[in-house]
Amino acid sequence: MSYPVPEHEADRIKALHRLDILDTESEAAFDRVVRVAQQVFDVPNAAVTFVDEDRQWFKATCGLGISETPREDSFCAHVIDGAEVLVVEDARADDRFKGNPFALKTDGIRFYAGAPLTVEDDYRVGTLCVSGPTPRSFSDADRTLLRRLADLVSGLLESRQRTYQVGYLTSALEQIEEAVVVTEGEPIDPPGPRIVWVNEAFLELTGYEREELVGNTPRMLQGPETDRETLDQVRSVLKAQTSVKVEAVNYRKDGTPYTVEWTVTPVRDANGRLTHWVSAQRDVTERRAREDELEHRATYDQLTGLLGREALDQRLDAALAPNDADADDPAADPASGALLFMDLDRFKEVNDSLGHSAGDRLLQVVARRLRSAVRDGDVVARLGGDEFVVWLRSGQTEPEATDVAHRILEAIGTPLDIDGQEVFVGASIGIVPDLSQYESAEAALRDADVAMYEAKDAMTQDVAIHEPTMTEKVDTRLRMDAALRRGVEREEFEPFFLPIVGLEEGRLFGFEVLARWRRPDGELVSPGAFLDVAEETGLIVPIGHQVIDSACAVLHDLRSTFNREWELSLSGNFSRQEFFQPDTKDFVATVLQRYDIGPSDFTMEITERAVGTGETTRWAEVQKLQSLGIRMEIDDFGTGYSSLQSLLKFPVDGFKLDRGLIDEVPESEAGTALVRSVLNLGRQLDLTVTAEGIETEEQLSLLRSFGCAYGQGYLLSPPVAADAVENMIAHPPWRSLWGAESAINTRDAS
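Residues numbered from 1 in each chain as written. Predicted model: local features only at pLDDT ≥ 70, side-chain atom pairs only at ≥ 80, totals over all residues. Heavy atoms only, no water.

### Things to note about the overall build of the protein
Convention followed: Helical segments are the DSSP runs of H or I of at least four residues, strand segments are the runs of E of at least two, and each set is numbered from the N terminus. Relative accessibility thresholds used throughout: buried, under 20% of the residue-type maximum; exposed, over 50%; partly exposed, between the two (1.4 Å probe, protein chains only). The contact criterion used throughout is that any non-hydrogen atoms of two residues lie within 4.5 Å. All accessible-area figures derive from a Shrake-Rupley calculation using a 1.4 Å probe, and residue coverage is judged against the displayed protein chains alone.
For the protein, the helix and strand inventory stands at 27 helices and 28 strands. Within the protein, buried positions represent 49% of all 750 residues. In the protein, once contacts between residues fewer than 6 apart in sequence are set aside, the share between residues at least 24 apart is 63%. As displayed, the protein offers around 36100 Å² of accessible surface, 47% of which is attributable to carbon and sulfur atoms.

Here is the structure:
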């Protein structure tokens, strides 16, 4: 792809090369900036890059595993063409980048924002940029902050350029622009060599007059904050008559401290004898302040002021590392405490209803309450989002750690005032009670996280202590996830067919399609074993598509085998994710056309619980599906929380009575009366009603007497594989329940 070329490109390239930064090793200051950018903007990727003649080179990165790219593939090549922040909210929707190879990758760059780095006469030599694999917006405040961070990088570049231009062994004349002091060659030990000459810059830096300095020693600039170890290091190097570069705190004449970076170089006569020392000094107070600020940003969460994830990991790892010196002293173990992993409940609801600013203020209030609920020596950290960690440093038994967790929950559970509105949130907490059993922060946090999800899933408790079985359970789910993904790739999922029978005459009306997973070893796995993981990971969508596509192919072959005028319906179960997904309409339309199936012969089923979770607000997708002319039914009717409401609001053609209701027939008079009432309701609303789970002849007889139109269940037939459907049609297993003459296997077109 093409890229713009800035004006004065040749001069810009020269300015870049004068920095002498291309292909150099990483430097801590630049690394800190990209870590701050990554955390501040909550993006996976951040980088400091430089745009050379035909390439883009990365000086510092977070989240990116590359060191350079061709310039023609670089987003940053567009940034340096202007002075403003460039924001690409969705690269695939931007004509400049939609063909970019990084934008086309699955986990590539969809979102990008970059600010130019300027040096010398406003030459834009590179960028500070952030990116991610999903589209997102970037506010004016975000642009301003990115611009300020880029200005910090530009300042670091200019500072670095000056430092490397001076060097360690440049002559005194080349260092005149810096604060320069020349001393005698000896003595090295206190009081040290006397000052014999200083330049004007040195006078301005220290505030002294020349006559006050000459004849005295540099010790007069030292004070209480001057690091003695640094001075000892300098003295040791000078005794070896070599050069040294250090950073230390000195004091001006008026007593104000300043941070100075200084080099000391020996000056020798023609015979190689040491005669003087020359020192070039530079005030780096502001730079140090900027670096300290960046270090603070990298260490602490900027929203709450709590310790950040990276710093927590480092401190935990340091505490968990074996220490031979303390091996025989249990009391010296700093990691003998407990770890509490907390995740807020209903935080997303606050964000969605009150806005992200309110969500941020909520997190700040929660952080303050967390700090107030623990001891001063305990560590409170925010991992990101609404996840927090409390590290109880030592002296905590399992019951004590549990008490702290409940104290935290009590503090969090008190109503919070957010912008004058009373907000209630809860939390779930997982506890690793003994950190001494761990060797890394990653392992301890993983287990605490696992326990937290156990507490969240349990519904009846807010606190859970980690047990090995919990991690095993997670590992099992991970293995199941991997196996499901392989199964999707290998198309191991197949349809089973459960006949739907007209209860008046025993005619076959159609089939409900059920998913089965046939493993490579021949094992047939029912959905109960994998459905939860499939829905959690989103794999339910490709699995459902495989099964429905195969079922439609079977129906097409059946119509070829029998009479093509013969009609047979197909009902497919669709998960909530599938039903309300925008591309589901295209999938259904394509598969019906491919197998020549009329829309009226295809029914999409969705559970009542899925309808009742608020998804009914997404009517646009439902209306698109309806426009195909297909049927829609509510599955498992009677198990949700808003049965009647779902019938009134959701545009259905029918519903299936859950087997839980059918089980009440005829043993429970109340249950039987309820089934009769629901069937009457269906007739009054002109909805098709199918009874699920018919297992006894008595149930069948009562349902027929109630006027139930359709039924399915093991009394009629269990679900069968595709290769058994043709025989079922020819020899219906329910024939004897109606008699040979009425048990025909077709239905009228009407």
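From this point, the discussion proceeds with the structure in view.
### Here we look at the packing of aromatic side chains
Two aromatic rings, taken as a pair, are described by how far apart their centres are and by the angle between their planes. Keep this limit in mind: Here a pair means two rings of Phe, Tyr or Trp (six-membered ring of Trp) with centres within 6.5 Å. Their orientation is stacked below 30 degrees between planes, edge-to-face above 60, and tilted elsewhere. Over a ring means this: the NZ of a Lys or the CZ of an Arg is within 6 Å of the ring centre and within 35 degrees of the ring normal.
Across all of its chains, the model carries 12 aromatic pairs by this definition. Relative to Phe511, the ring of Phe497 lies with its centre 5.7 Å away and its plane at 85°, an arrangement referred to as edge-to-face. Taken together, the positions of Phe497 in strand β19 (residues 493-502) and Phe511 in strand β20 (residues 507-518) put the pair 14 residues apart, joining distant regions of the chain. Pairing Trp517 with Phe530 gives two aromatic rings, centres 5.7 Å apart and planes at 85°, and the pair type is edge-to-face. In this pair, Trp517 sits in strand β20 while Phe530 sits in the loop between β21 (524-525) and α16 (531-537), placing the two residues 13 residues apart along the sequence. Accessibility classification places Trp517 together with Phe530 in one group, the buried group. Joined through ring pairs, the aromatic side chains of Phe41, Phe111 and Phe138 make up one cluster. Against the face of Phe496 rests Arg516, its NZ or CZ located 5.5 Å from the ring centre.

### Digging into the side chain of Thr690
Tracing the backbone through its elements, the reader meets Thr690 in strand β26 (residues 688-691). Using a relative accessible area of 4% as the deciding quantity, one classes Thr690 as buried. Excluding residues within four positions of it along the chain, Thr690 makes contact with Ile500, Phe655, Lys656, Leu657, Tyr710, Gly711 and Gln712.

### Things to note about the sheet that holds strand β8 (residues 195-198)
Strand pairs in the sheet, formed through backbone hydrogen bonds, run parallel or antiparallel to each other. For the record, the criterion: Any two strands with at least two DSSP bridges between them are considered paired. Here an axis means a line fitted to C-alpha atoms, over the contact stretch when the element is a helix, while the angle between two N-to-C directions is reported on a 0 to 180 degree scale.
Spatial strand order, β8-β7-β11-β10-β9: five strands in an open sheet with antiparallel pairing. Taken across any chain shown, the strands that pair with only one partner, and hence form the sheet edges, are β8 and β9 (244-251). Strand-to-strand, the axes of this sheet are offset by a mean angle of 30°, without reference to chain direction. Where β9 lies against strand β10 (residues 257-268), eight bridges are found, and the strand directions are antiparallel. Bridged to Val249 within β10 is Thr259. Along the sheet, helix α8 (residues 228-239) makes contact with β9, β10 and β11 (274-283), crossing β9 at roughly 140°. Where helix α9 (residues 285-299) meets the sheet, its contacts fall on β9, β10 and β11, and the angle it forms with β10 comes to roughly 120°.

### A look at the sheet that holds strand β13 (residues 379-384)
Strand order in the open sheet formed by five strands is β13-β14-β12-β17-β18, with mixed pairing between adjacent strands. Every other strand in the sheet has two partners, leaving β13 and β18 (463-465) as the edge strands with one partner each. Ignoring strand direction, the axes of neighbouring strands in this sheet form an average angle of 20°. Here strand β12 (residues 338-345) pairs with strand β14 (residues 387-392) via six bridges, running antiparallel. Across the sheet, residue Leu340 finds its bridge partner in β14, namely Val390.

### Here we look at the packing of helix α15 (residues 468-490) against helix α17 (residues 540-561)
Put simply, the rule is: Crossing handedness is read from the near helix: turned anticlockwise from the far helix by less than a right angle, it gives a left-handed crossing, and turned clockwise, a right-handed one.
Contact pair α15 / α17: the axes reach a minimum separation of 10 Å and the direction vectors enclose 35°. Judged by the twist between their axes, the crossing of α15 over α17 is left-handed. Here Leu484, Gly487 and Val488 of α15 lie close against α17, whose contacting residues are Pro542, Ile543 and Gln546.

### A word on helix α10 (residues 309-320)
As a reminder of what qualifies: What a helix should span is 1.5 Å times the count of its residues minus one.
An ideal rise of 1.5 Å per residue puts 16 Å on 12 residues; α10 measures up with 16 Å between its terminal C-alpha atoms. Along α10, the residues that are buried comprise Ala311, Leu312, Asp313, Leu316, Ala319 and Leu320.

### Some details on the confidence of the model for the protein
Worth spelling out the cut-off: Confidence scores here are pLDDT values: one per residue, from the predictor, ranging 0 to 100.
Taken residue by residue, the protein gives an average pLDDT of 85. The fraction at 70 or more is 89%. Here residues 613-617 scores under 50 on pLDDT; set against residues more than four positions off or in separate chains, the count is six contacts.

### Observations regarding empty space enclosed by the protein
Over the atoms, a rolled probe matching the size of one water molecule traces out where space is still vacant. To keep things clear, this is the line we draw: A cavity here means a set of points on a 1 Å grid, drawn over the protein atoms and nothing else, where a 1.4 Å probe fits but cannot get out; a pocket is an open set with protein on both sides within 12 Å along at least five of seven lines, and a residue lines either one if it has an atom within 4 Å of a point. Grid points are joined across faces, edges and corners, and a volume is the space filled by probe spheres set on the points. In this count, Pro and Cys sit with the nonpolar residues alongside Ala, Val, Leu, Ile, Met, Phe, Trp and Tyr, while Asp, Glu, Lys and Arg are called charged and the others, Gly among them, polar.
Counted by the stated rule, this structure contains three cavities of 30 Å³ or more. A volume near 480 Å³ is recorded for the largest cavity. Along its surface, the largest cavity is lined by 25 residues, and Pro218, Gln222, Val234, Leu238 and Trp262 are the ones closest to its centre. Mapped by element, the contributors of at least two residues to the lining of the largest cavity are β7 (179-184), α8, β10 and β11. Considered as a void within the structure, the second largest cavity measures approximately 70 Å³ in volume. Lining the second largest cavity are Ile500, Phe509, Ser571, Thr603, Arg631, Glu633, Lys656, Thr688, Thr690 and Tyr710. Taken together, the residues that form the lining of the second largest cavity break down as three nonpolar, four polar and three charged.

### Structural notes on the nonpolar core
Defined as follows: For the purposes of this section, nonpolar cores are sets of buried Ala, Val, Leu, Ile, Met, Phe, Trp, Tyr and Cys residues that join through side-chain atoms within 4.5 Å.
Grouped together as the largest cluster of nonpolar side chains are 72 residues, with contacts concentrated most on Leu484, Phe511, Leu570, Phe579, Phe602, Leu657 and Leu703. Looking at this core element by element, the count peaks at 10 residues for α17.

### Overview of the pattern of salt bridges
Note the following rule: The salt bridge criterion pairs a side-chain nitrogen of Lys or Arg with a carboxyl oxygen of Asp or Glu, the two atoms within 4 Å.
Taken as a whole and judged by the stated rule, the model has 41 salt bridges. In this structure, Asp601 and Arg559 form a salt bridge, with 3.1 Å as the shortest nitrogen-oxygen distance. With Asp601 in the loop between α19 (584-594) and β23 (602-607) and Arg559 in helix α17, this residue pair connects regions lying 42 residues apart in the sequence. As far as the burial class goes, Asp601 and Arg559 line up, both buried. Residues participating in the shared-partner salt-bridge network are Lys245, Glu247, Glu261, Arg282, Arg287 and Arg288.

### Quick notes on the packing of helix α11 (residues 347-354) against helix α12 (residues 356-373)
We apply this condition: Note on angle classes: values under 35 degrees are labelled roughly parallel, values over 145 roughly antiparallel, values of 65 to 115 roughly perpendicular, and the remainder oblique.
One can describe the packing of α11 onto α12 by two numbers: an axis separation of 6 Å at closest approach and a directional angle of 140°. With respect to their mutual orientation, α11 and α12 come out oblique. The segment α11 lies against α12, with Phe347, Val350, Asn351 and Leu354 engaging His356, Ala358, Gly359, Leu362 and Leu363. In terms of residue class, the contact of α11 with α12 is made up of six nonpolar, three polar and no charged.

### As for the environment of Val463
Among the structural elements, Val463 can be located in strand β18. Through-space distance from the C-alpha of Val463 to that of Ile429 is 4.8 Å; in sequence the pair is 34 residues apart. Discounting chain neighbours no more than four positions away, the residues touching Val463 are Thr402, Ala405, His406, Leu409, Ile429, Ile431 and Ala455.

### Re the environment of Ser139
As for its placement among the helices and strands, Ser139 is situated in the loop between β6 (123-132) and α5 (140-166). Judged by relative accessible area, which is 34%, Ser139 ranks as partly exposed. A sequence separation of 52 residues divides Ser139 from Val87, and the C-alpha atoms of the two residues are 9.6 Å apart.

### With respect to a negative patch on the surface
Quick note on the threshold: For patch building, the residue pool is restricted to those with more than 30% relative accessible area and no salt bridge; the joining distance is 9 Å between like charges and 5 Å between nonpolar side chains (Val, Leu, Ile, Met, Phe, Trp, Tyr). Charged residues are defined here as Lys and Arg on the positive side and Asp and Glu on the negative side; His and the ends of the chain fall outside this count. Here the site of a charge means NZ on Lys, CZ on Arg, CG on Asp, or CD on Glu.
Taken together, the side chains of Asp663, Glu664, Glu667 and Glu698 present a region of like negative charge at the surface. For Glu667, the location among the structural elements is in the loop between α23 (659-662) and α24 (669-684). Looking at Glu667, the relative accessible area reads 65%, which means it is exposed.

### So, the layout of surface pockets
One number sums up the size of the second largest pocket: a volume of about 1200 Å³. What lines the second largest pocket is a set of 30 residues, among which Gln39, Val40, Phe41, Asp42 and Arg382 lie closest to the centre. Elements supplying a minimum of two residues to the lining of the second largest pocket: α2 (28-40), α5, α10, α11, α12 and β13. Its residues assigned to classes, the lining of the second largest pocket comprises 10 nonpolar, 10 polar and 10 charged.

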